[in-house]
Amino acid sequence: MMHLKWLSLFILMIITSCGGSSELVNDPPFKILEAEKEPLQVDGHKVFFRTSALPRDVAFKSMYFGQRKATVLWDTENTYYADFPLYTSDGEKVLSSNMAEESKNPLPVMPVEVPHAIKENEALLHYSVGEDSFYTIFEVQ
């Protein structure tokens, strides 16, 4: 019986320590100098952000904006972006009585659960420093 208690405590510790819950940081090892959004050619937004010089071991993972998640991509020196389309493709939408034709319509991008609460004009940036993972929030113009 005592071994079972120790085993359950050990399993609980493993589960809670490996969960990937990343810390929300107010002062990351870089500065977001400016951030703005612009409309995509199709429905949705592109969020650009410019940073100060990044330490060598910092890597951007993903960004959350408007209940959607996207991969952060490099644009130019110290400028990064993420695309947040409303649909999975930019194909034309067909309205038809034939369900087979309508089934080819682009699907909407489903909302995701954001790990930390953000306001409508904020983005949540997921980044890593070495093996550790963190989040920071910044305002988007």
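Structure: see above.
About the thresholds
Residues numbered from 1 in each chain as written. Predicted model: local features only at pLDDT ≥ 70, side-chain atom pairs only at ≥ 80, totals over all residues. Heavy atoms only, no water. Salt bridge = Lys/Arg side-chain N within 4 Å of Asp/Glu carboxyl O. Buried < 20%, exposed > 50% of the residue type's maximum accessible area, 1.4 Å probe, protein only. Helix = DSSP H or I, 4+ residues; strand = E, 2+ residues; numbered from the N terminus. Pairing = 2+ DSSP bridges. Axes fitted to C-alpha atoms, helices over the stretch in contact; angles between N-to-C directions. Contact = heavy atoms within 4.5 Å.

Engineer: Any chance you could explain the pattern of salt bridges here in plain terms?
Structural biologist: If the charged atoms of two oppositely charged side chains come close together, the side chains can form a pair. In this structure the tally under the stated criterion is three salt bridges. Two residues, lysine 31 and aspartate 27, come together in a salt bridge whose shortest N-O distance is 3.0 Å. Lysine 31 sits in the partly exposed class, given a relative accessible area of 45%. In this structure aspartate 27 comes out as exposed when scored by relative accessible area, which is 55%. Glutamate 34 serves as the salt-bridge partner of arginine 50, at 2.9 Å between the closest nitrogen and oxygen. Remark: glutamate 34 occurs in strand 2 (residues 32–39) and arginine 50 occurs in strand 3 (residues 44–51); sequence separation between them is 16 residues. The exposure class of arginine 50 is partly exposed, given its relative accessible area of 34%.

Engineer: Whenever I open this one, the sheet that holds strand 3 confuses me. Can you help?
Structural biologist: Note: strands within a sheet are paired through backbone hydrogen bonds, in either parallel or antiparallel orientation. If you trace the four strands from one edge of the open sheet to the other, you get 2-3-7-6, paired in antiparallel fashion. Each edge of the open sheet carries a strand with a single partner, namely strand 2 and strand 6 (73–76). Sheet twist, expressed as the mean angle between neighbouring strand axes with direction ignored, is 30 degrees. Looking at chain direction, strand 6 and strand 7 (residues 79–85) are connected through three bridges and run antiparallel. By the bridge assignment for strand 7, tryptophan 74 is matched with tyrosine 80.

Engineer: Looking at this model, I keep getting lost on the environment of valine 109. Mind explaining?
Structural biologist: Along the polypeptide, valine 109 turns up in the loop between helix 2 (99–102) and strand 8 (122–129). Sequence separation between valine 109 and arginine 68 is 41 residues; the distance between their C-alpha atoms is 7.8 Å. Each residue touching valine 109, except ones within four places of it in the same chain, is listed here: Arg68, Pro85, Leu86, Tyr87 and Thr88.

Treat this as a map of the structure, not an account of what it does.
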